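Tertiary structure, described
Listed below, chain by chain, are the residues.
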Amino acid sequence: MDETALIALALQMRERAYAPYSGYRVGAALLSASGRVFTGCNVENAVYPLGLCAERVAVFKAISEGERTFITIVVATENGGTPCGACRQVLSEFAADLRILLVDARGQVRETSLRALLPEPFGPQDLRSVR
Ligand code: THU
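Anyway, here's the lowdown on the structure attached to this text.

About the thresholds
Residues numbered from 1 in each chain as written. Predicted model: local features only at pLDDT ≥ 70, side-chain atom pairs only at ≥ 80, totals over all residues. Heavy atoms only, no water. Helix = DSSP H or I, 4+ residues; strand = E, 2+ residues; numbered from the N terminus. Buried < 20%, exposed > 50% of the residue type's maximum accessible area, 1.4 Å probe, protein only. Phe/Tyr/Trp six-rings, centres within 6.5 Å; stacked < 30°, edge-to-face > 60°. Contact = heavy atoms within 4.5 Å. Near = heavy atom within 4 Å. Polar contact = N/O pair within 3.5 Å; in protein donor to acceptor, adjacent residues only side chain to side chain. Areas by Shrake-Rupley, 256 points an atom, 1.4 Å probe, with all protein chains shown as cover. Nonpolar A, V, L, I, M, F, W, Y, C, P; charged D, E, K, R; others polar. Core = buried A, V, L, I, M, F, W, Y, C linked by side-chain atoms within 4.5 Å. Lys, Arg positive; Asp, Glu negative; His and termini not counted. Salt bridge = Lys/Arg side-chain N within 4 Å of Asp/Glu carboxyl O.

Description of unusual backbone geometry
Here Glu120, not a glycine, exhibits a phi torsion of approximately 50 degrees, which is positive. Here Glu120 lies in the loop between helix H4 (114-117) and helix H5 (124-128). Of the residues examined, Glu120 reaches a relative accessible area of 79% and is grouped as exposed.

A short note on the packing of aromatic side chains
Think of a pair of aromatic rings as described by two things: how far the centres are apart, and how the planes are tilted against each other in angle. Throughout the structure, instances matching the rule amount to 1 aromatic pair. Here the aromatic rings of Tyr21 and Tyr48 are separated by 5.3 Å at their centres, their planes lie at 35 degrees, and the arrangement is tilted. Separated by 27 residues along the polypeptide, Tyr21 in the loop between helix H1 (3-14) and strand E1 (27-32) and Tyr48 in the loop between strand E2 (37-41) and helix H2 (54-64) bring together distant segments of the chain.

Focus: the side chain of Thr39
Along the chain, Thr39 turns up in strand E2. Other than its neighbours up to four places away in sequence, Thr39 contacts Leu9, Met13, Ala28, Ala29, Val57, Ala58 and Lys61.

Observations concerning the site of the ligand
In the region of the ligand, the neighbouring residues are Ser22, Tyr24, Val26, Asn42, Glu44, Cys53, Ala54, Glu55, Thr82, Pro83 and Cys84. Residue Glu44 places a side-chain N or O atom 2.5 Å away from an oxygen atom belonging to the ligand. Between the ligand and Ala54 there is a distance of 2.9 Å, counted from an oxygen atom to a backbone nitrogen or oxygen. Protein coverage of the free-state accessible area of the ligand, which is 370 Å², stands at 77%. Split by residue class, the shell around the ligand holds 6 nonpolar, 3 polar and 2 charged.

Concerning the nonpolar core
Nonpolar side chains tend toward joint burial in soluble globular proteins. Ranked by internal contacts, the top residues of the largest apolar core, which has 19 residues, are Leu30, Val59, Phe70, Ile73, Leu91, Leu98 and Ile100. Only E1, H2, strand E3 (70-76), helix H3 (85-94), strand E4 (99-103) and H4 provide two or more residues apiece to this core. Per-element accounting of this core gives the leading share, 4 residues, to H2. Residues within four places of Leu30 in sequence aside, it is in contact with Arg36, Val37, Phe38, Ala58, Val59, Ala62, Phe70, Thr72, Ile73 and Leu98. In this structure, Ile7, Val74, Ala76 and Leu101 belong to the second largest nonpolar core, which totals 10 residues.

Remarks on the side chain of Glu44
You can see Glu44 is positioned in the loop between E2 and H2. As a buried residue without a salt bridge, Glu44 has its nearest oppositely charged side chain in Arg25, at a separation of 8.9 Å. Within the structure, Glu44 has its side chain in polar contact with the side chain of Ser22 (distance 2.5 Å). Setting aside chain neighbours within four positions, we find Glu44 in contact with Tyr18, Ala19, Pro20, Tyr21, Ser22 and Gly51.

Structural measurements only, silent on function.
Following this line, the structure appears as structure tokens:
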């Protein structure tokens, strides 16, 4: 899937967001190395802490479908916001070199990377020394 289509998909996924409490709708489209695309949207809950971000929905869908190598994630929000710290950490488990495209509701795109957003991540290598 080309970049334009991936961006369009993330924007579409915003429409599926279940965000009645915050009103902040987020869509995600995650491109795997094999070319498959996994989508996500944020899913909130009346028990507020149980909600899940769009990025983690997408990555958990992908892992559960057998994909573990990722190239790019597009995150669509109202204002081009960046992924939260928890999502950065979860993404870094599988994709240290992930490319991140942030797109706002007007379609403006900004490129960044997981390395830029989460320098010096804690990872599997940190646990290896104590096992
Ligand atoms: N949210 C995401 O889905 N991804 C982000 O990158 C930032 C925050 C969600 C969580 C919650 O449903 C709403 O946006 C407000 O925080």
